[in-house]
Amino acid sequence: MDGRIVKISGPAVVANGLEEAGLNEVVRVGHERLMGEIIRIRGALATLQVYEETTGLALGEPVVSTGEPLTVELGPGLLGQIFDGIQRPLPALAALAGDFLRRGIAHPALDRQKRWRFEPKVATGDRLTEGQIIGVVRETAGLAHRILVPPGVSGTIREVKPGEAAVTDPVVVLEDGRQLSMLQRWPVRRRRPFRRRLTPELPFLTGQRVLDCFFPIAAGGTAIIPGGFGTGKTVLEQTLAKFAAADVIVFVGCGERGNEMSEVLSDFPHLEDPRTGAPLMDRTVLVVNTSNMPVAAREASIYTGITIAEYFRDMGYHVALTVDSTSRWAEALREVSSRLEEMPGEEGYPTYLATRLGQFYERAGRVVPLGGDGEGAVTVVGAVSPPGGDFSEPVTQASLRVTGALWALSTDLAYRRHFPAIDWAQSFTLYAERLQEWFAREAGAEWVALREEAMRLLQRERELQEIVQLVGLEAIQDQERIVIESARLLREGFLRQSAFHEVDASCPPGKALWMLRLLLHFSWSAARSLSEGVSLAAILETRLDERLLRLGEVPPGEMETIGSALMTEIDETLKRLRGS
Ligand SMILES: Nc1ncnc2c1ncn2[C@@H]1O[C@H](COP(=O)(O)OP(=O)(O)OP(=O)(O)O)[C@@H](O)[C@H]1O
Ligand SMILES: [Mg+2]
């Protein structure tokens, strides 16, 4: 069934003659067979968003529907790969077309030639149900790629074919003759099914003290990182990719400026996996949109990314999906919408912006997979780049309503080079209470109390700083000066964390708890010493602060020994002062 182009407006193309095609079907547009998707049907006219540059396309050129929705390929070969927003493998395309992407190139996402060693986990006569693991492929050293029965498929096995196979070769044959290969397809705009959701009681540990301690999220939870220009969104997302407790990382890069994504492309392949020393790419899938790619592909990219993430979840893995940045995705949505001449909502974004964001973040979760064994999770962290760092804009606001935590980056902190520049006064998490039990059990019983105490200290400092602004530091009491000093140590010694220091870059909860213990112990003991007549100057002269400020550099394995010693030292030093 052929249609004809009747109108072209950037990425939006209108065609007639596609009456029998359905919404969200993939079409091939023009003589060059550019890839597109039907996004609106009005009477005899279908509106398409085209994933490739439309210049040169002419009215009257043919449009052919493929009858299929936009799908991704899932199977061995995903890890370490770099895809564009519609899952075209960028390295393979570059090899085909030179450095620029030729239009209309159709290239399978997964390599058809490459052979993988399929190790079966099932045998002839076994009864298979959907989601069940039929075998594994050691795709990379760090990760076994589990091959699953696709959703909706079940039956009894007639034959199993172990050994080397390409992704499309049959590895299991069912009694009714159906063949299962290692390759699955899934429509990106539909969430992959699972058996049931699990409660958010397990943390998604990030290794960042300010996040894990003050604003933790659950595995399968969602958080946004809004931050103005240069506040550290990208560094934080990369730090999460490296250190967060996830088996697989899916990174969706939506760049605006040309160099932004080439940075990702040059940085990521060099990142080392701190767990294994192997390249981080061994358990990473990159989906990137460079600025020379059409906006429609950027719109699709977050769905491509989350579908891949769900696929690894279904194998029983914990997956971290990071998007940098969702604002660039929303701008793509806005541009397509304006080409469609839709009624604009706030700041020109379509009125369905919030719904779309909601549908996307809803796909996060910790679940029992279809196969019924173990658990898998997709945790989603989306960066937001509000223009001018103003969080009242539509993308930040709409994202806030559909996610569980706000990790707000502060321009002021970044300017003072306090990194990660998480604004502790503005950030929040809805997961803290559900996770308390885990932290108390796994890190230490005082976790909850110390966390609250630390937050109170920061709050008191804020109030005191306001007074200091008005009357000056000299005008406040020594007891208050000690509060300010303790809060400074907490900020600089605990909340601040260097992404580039070998040891400090990632901090396990046990070490974080020791740091809190020491910092707060100093705060209490100093206050007590003051009330017992020790002078403020004497306390400040002990130089205990220098030790407390460098706790981040203590290797986690030595923390207990060094921590206990420092605890005693604090006590003895202050006791000496009281005695003298
Ligand atoms: N955790 C950190 N530790 C040390 N330095 C940091 C950290 N985070 C950010 N920086 C510094 O801030 C700079 C800007 O960070 P980054 O590129 O992540 O900001 P961004 O918010 O992504 O900016 P943009 O708005 O341009 O995308 C980095 O190049 C680095 O020098
Ligand atoms: Mg950035």
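Bear in mind the structure is a predicted one, so any value in this text is a computation, not a measurement.

Conventions we followed
Along each chain, the written sequence defines residue order, and numbers are assigned to residues from 1. Following the order in which they are written, the chains are lettered starting with A and the ligands numbered starting with 1. This being a predicted model, a pLDDT of at least 70 is required before a residue's local features are given, and a value of 80 or more before pairs of side-chain atoms are given or counted; all residues contribute to the totals for chains, interfaces and linings. For the side-chain quantities, the full set of heavy atoms in the structure was used; hydrogens and water were omitted. A cutoff of 4 Å decides nearness: a residue is near a molecule or strand if any of its heavy atoms lies inside that distance of it. What qualifies as a polar contact is a pair of N or O atoms within 3.5 Å, subject to a donor-acceptor requirement within protein and to the restriction that residues adjacent in sequence count only when both atoms come from side chains. All accessible-area figures derive from a Shrake-Rupley calculation using a 1.4 Å probe, and residue coverage is judged against the displayed protein chains alone. Put simply, DSSP marks the helices as runs of H or I at least four residues long and the strands as runs of E at least two long, and each gets a number from the N terminus on. Only Asp, Glu, Lys and Arg are considered charged, only Ala, Val, Leu, Ile, Met, Phe, Trp, Tyr, Cys and Pro nonpolar, and every remaining residue, Gly among them, polar. When two rings of Phe, Tyr or Trp (its six-membered ring) have centres within 6.5 Å they constitute a pair, described as stacked for plane angles under 30 degrees, edge-to-face for angles over 60, and tilted for the intermediate range. Here the term buried applies to any residue with accessible area under 20% of the maximum for its type, exposed to any over 50%, and partly exposed to those in between, with areas from a 1.4 Å probe on protein chains only. In this scheme, the term charge over a ring applies when either NZ of a lysine or CZ of an arginine sits within 6 Å of the ring centre and within 35 degrees of the ring normal. Boundaries between domains were set according to an automatic or database domain assignment. Two parts placed together each lose some accessible area; with a 1.4 Å probe, that loss summed over both constitutes the buried area. We define a salt bridge as a side-chain nitrogen of Lys or Arg found within 4 Å of a carboxyl oxygen belonging to Asp or Glu.

Trainee: Teacher, can you tell me more about the site of ligand 1 here?
Mentor: Near ligand 1 lie 14 residues; those nearest to it are Gly-230, Gly-232, Lys-233, Thr-234 and Val-235. In the environment of ligand 1, an oxygen atom lies 3.0 Å from a nitrogen or oxygen atom belonging to the backbone of Gly-232. For ligand 1, an oxygen atom lies 2.8 Å from a polar atom in the backbone of Val-235. In the complex, 76% of the free accessible area of ligand 1, which totals 630 Å², lies under the protein chains. In terms of residue count, the dominant contributor to the shell around ligand 1 is helix α3 (residues 233-243) (three residues). By residue class, the composition of the shell around ligand 1 is five nonpolar, five polar and four charged.

Trainee: Is there a simple way to think about the packing of aromatic side chains in this case?
Mentor: Aromatic ring pairs are reported here in terms of the distance separating the ring centres and the angle at which the planes meet. Under the defined criterion, the tally for this structure stands at seven aromatic pairs. On the basis of an interplanar angle of 50° and a centroid distance of 5.0 Å, the ring pair of Phe-251 and Phe-268 is categorised as tilted. Highlighted residues: Phe-251 in strand β20 (residues 248-254) and Phe-268 in the loop between α4 (258-267) and β21 (284-289), separated in sequence by 17 residues. On the basis of relative accessibility, which here comes to 0%, the residue Phe-268 falls in the buried class. Pairing Phe-360 with Tyr-361 gives two aromatic rings, centres 5.1 Å apart and planes at 65°, and the pair type is edge-to-face. Through a chain of ring-to-ring contacts, three or more aromatic side chains come together here, namely Phe-214, Phe-215 and Phe-494. Geometry around Trp-186 places Arg-192 over its ring, the cationic atom sitting 5.2 Å from the centre.

Trainee: Which parts of the structure should I look at to understand the domain arrangement of the protein chain?
Mentor: How big an interface is tends to be expressed through the accessible area that disappears when the partners come together. Looking at the protein chain, the domain boundaries give domain 1 (2-69), domain 2 (111-182), domain 3 (196-430) and domain 4 (447-579). Computed over C-alpha atoms, the centres of domain 3 and domain 4 are 33 Å apart. Carbon and sulfur atoms supply 62% of the area buried between domain 3 and domain 4, which totals about 1,900 Å² over both sides. Counting the contacts that link domain 3 with domain 4 gives one salt bridge. The salt bridge involving Asp-504 is made with Arg-209; its shortest N-O contact spans 3.1 Å. Our count for the domain 3 to domain 4 interface comes out at 11 residue pairs in polar contact (both at pLDDT 80 or more). If one sorts the elements of the side of domain 3 that touches domain 4 by residue count, helix α2 (residues 209-214) sits on top with five residues.

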